[in-house]
Amino acid sequence: MKSPIPRLDPVRLEVFRHLFTALAEEMGAALRGAAYSPNIKERRDYSCAVFDGVGRVVAMGDHMPVHLGAMPMSVEAALAAFPELGPGDVVVLNDPFCGGTHLPDITLVAPVFVPPRNTGKTSASAISKQRGARPLRRTRATSPLAYLSVRAHHADVGGIAAGSMPLAREIYQEGLRLPPVLLMQGGERNEAVWRIIAANVRTPIERAGDLGAQAGAIARGNERLLELVSTRGEDEVKAAMSELIEYADRLVRAGISRLPDGEYSAQDALEDDGFGNGPLPVRAAIRIHGDEITIDFAGSAGQTAGGINAVAAITSSAARYVVRCVVESVLEQTLPAGGGEMSALHILLPERSIVNATPPASVAAGNVETSQRITDVLLM
């Protein structure tokens, strides 16, 4: 029986922490360099992340906080829709009710596989040669090493107004809504999906270019991760991923335990939803007990007609961001770039509310307006 991999010493774990973060940052640099849209090239409205083989976040680039707390939900939705992704498969989605933020933010998710040892290859070229193959069944020997994800804000995804950020009453007016579907399969483009996207946007050439840049960023991350495996070994890379997640969770609990127990509450309001409805309160009660924290948004306004509704992914992202800021301030050190699973954080969201909207609510501004107000309330 193979002996278990010993736990990594603190120095080696810190080295891996920076390696994974640098990988996510390099994915971002590749995306920015290849993208067509100024939204991505100049405004840098994108995020890249590394997840372990079961979809837990390991590292994120220093990109958009409102994306980063939501991306784990998109990866979860992608894996639920396609539990047996194979080499060269890439899932695309932007559905705000499946971990998305708003429709212009399109997310790609792809697995990373280590080539079989008997090929003697651990380079990205070994993966590329599997193009055209049917996805592998999820077995012990073919389980992914990791997943990579890239989210970018596209300049237009259709809808009733250019830019896809209209004053709308329903999400159907805001643009093309993509549940998890295969953008690429076995390394080849799923042309049907590319045609659907191109037919529903105002700038199809730019959209295709930006999607291609996102796919290229994933390819760069795949290459770098396989290089890491070739120098450090698959078992050690997997151990480092798991231990970084555990380490981050321990830090979060240590930071929360230094805060005084008790219940704290605050509220603010959004003045109007664009259709004369308002003010719309955002209320939060924070309960701290030992090394756990509960955030209860009971009493917040119900979802409204205008697009200032925030989906659960947005509210969760804002809450994770605030907890991270507080913990890092208390501990006077930074968390690993991913923050772990934050198992110490519990979020209670009222159904069909401005902080947990459900279809067919319009949500375009929930990502840019309500997320800020939620953060303000939690930091009061």
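These figures come from a predicted structure and were not determined experimentally.

Conventions and cut-offs
Residues numbered from 1 in each chain as written. Predicted model: local features only at pLDDT ≥ 70, side-chain atom pairs only at ≥ 80, totals over all residues. Heavy atoms only, no water. Core = buried A, V, L, I, M, F, W, Y, C linked by side-chain atoms within 4.5 Å. Buried < 20%, exposed > 50% of the residue type's maximum accessible area, 1.4 Å probe, protein only. Contact = heavy atoms within 4.5 Å. Helix = DSSP H or I, 4+ residues; strand = E, 2+ residues; numbered from the N terminus. Arc of directions from axis to C-beta. Axes fitted to C-alpha atoms, helices over the stretch in contact; angles between N-to-C directions. Nonpolar A, V, L, I, M, F, W, Y, C, P; charged D, E, K, R; others polar. Pairing = 2+ DSSP bridges.

Engineer: So what's going on with the nonpolar core? Residues and values would help.
Structural biologist: Ranked by internal contacts, the top residues of the largest apolar core, which has 91 residues, are Phe20, Leu108, Leu225 and Leu378. Ignoring anything within four residues of it in the chain, the contact list for Leu378 reads Ala284, Ile286, Ile295, Phe297, Ala318, Ala319 and Val322. Of all hydrophobic cores here, the second largest spans 16 residues; its members include Ala49, Ala78, Val91 and Leu182.

Engineer: Requested: an account of helix α6 (residues 191-199), with residues and values cited.
Structural biologist: Every buried residue of α6 is listed here: Val193, Trp194 and Ile197. In a view along the axis of α6, the buried residues occupy a sector of 100°, so they form one face of it. In α6, those exposed residues whose orientation departs by more than 90 degrees from the buried face are Arg195 and Ala199. Check the buried side of α6 and you find it contacts β3 (90-93), β6 (181-185), β7 (188-189) and α7 (204-232).

Engineer: Would you mind going over the packing of α7 against helix α8 (residues 234-257) in detail, with residue names and values included?
Structural biologist: Contact geometry for α7 and α8: axes closest at 7 Å, N-to-C directions at 115°. Of the residues in α8, those touching α7 at Leu225, Leu228, Val229 and Arg232 are Glu234, Glu236, Val237 and Met241. Residue composition of the contact of α7 with α8, grouped by class: five nonpolar, no polar and three charged.

Engineer: Residues and numbers for the pairing of strand β5 (residues 146-153), please.
Structural biologist: Burial of β5 is extensive: eight of the eight residues sit out of reach of the surface. Bridging between strand β1 (residues 46-52) and β5 involves seven bridges; their strand directions are antiparallel. Across the sheet, residue Ala49 finds its bridge partner in β5, namely Ser149. Inspection of the sheet shows strand β4 (residues 105-112) paired to β5 by eight bridges, in the antiparallel sense. Looking at β5, one finds that Asp105 is bridged to His153.

Engineer: Before we move on, can you summarise the pairing of strand β10 (residues 292-296) with the specific residues and values?
Structural biologist: Along β10, four of the five residues are buried, which leaves the element largely enclosed by surrounding structure. Summarising the sheet, strand β9 (residues 280-289) and β10 pair through five bridges and their orientation is antiparallel. Looking across to β10, one finds that Arg287 is bridged to Thr294. In this structure, the hairpin formed by β9 and β10 is closed by a connection of two residues, where Gly290 is found at a positive phi of approximately 65°.

Engineer: I'd like to hear about the sheet that holds β1, residue by residue, with values.
Structural biologist: Strand order in the open sheet made by the seven strands is β2-β1-β5-β4-β3-β6-β7, with antiparallel pairing throughout. Edge positions in the sheet fall to β2 (57-60) and β7, since each has one partner strand and no second. Sheet topology note: the β3/β6 ladder contains three bridges and is antiparallel. Within β6, the residue paired with Val92 across the bridge is Val181. Running at roughly 30° to β4, α7 makes contact with β3, β4, β5 and β6 of the sheet.

Engineer: Can you break down the side chain of Thr315 residue by residue, with the values?
Structural biologist: Looking at where Thr315 falls in the secondary structure, it is placed in helix α9 (residues 312-331). On the basis of relative accessible area, Thr315 is assigned to the buried category, the value being 0%.

Engineer: Residue-level account of the sheet that holds β9, with values.
Structural biologist: Strand order in the open sheet formed by four strands is β8-β9-β10-β11, and the pairing between neighbours is mixed. Sheet topology places β8 (262-270) and β11 (345-348) at the edges, where each strand pairs with a single neighbour. Neighbour-to-neighbour, the strand axes of the sheet open up by a mean angle of 15°, direction not taken into account. Together, β10 and β11 form the strand contacts of α9, whose direction differs from that of β11 by roughly 145°. Lying on the sheet, helix α10 (residues 366-379) is in contact with β8, β9 and β10; it crosses β8 at an angle near 145°.

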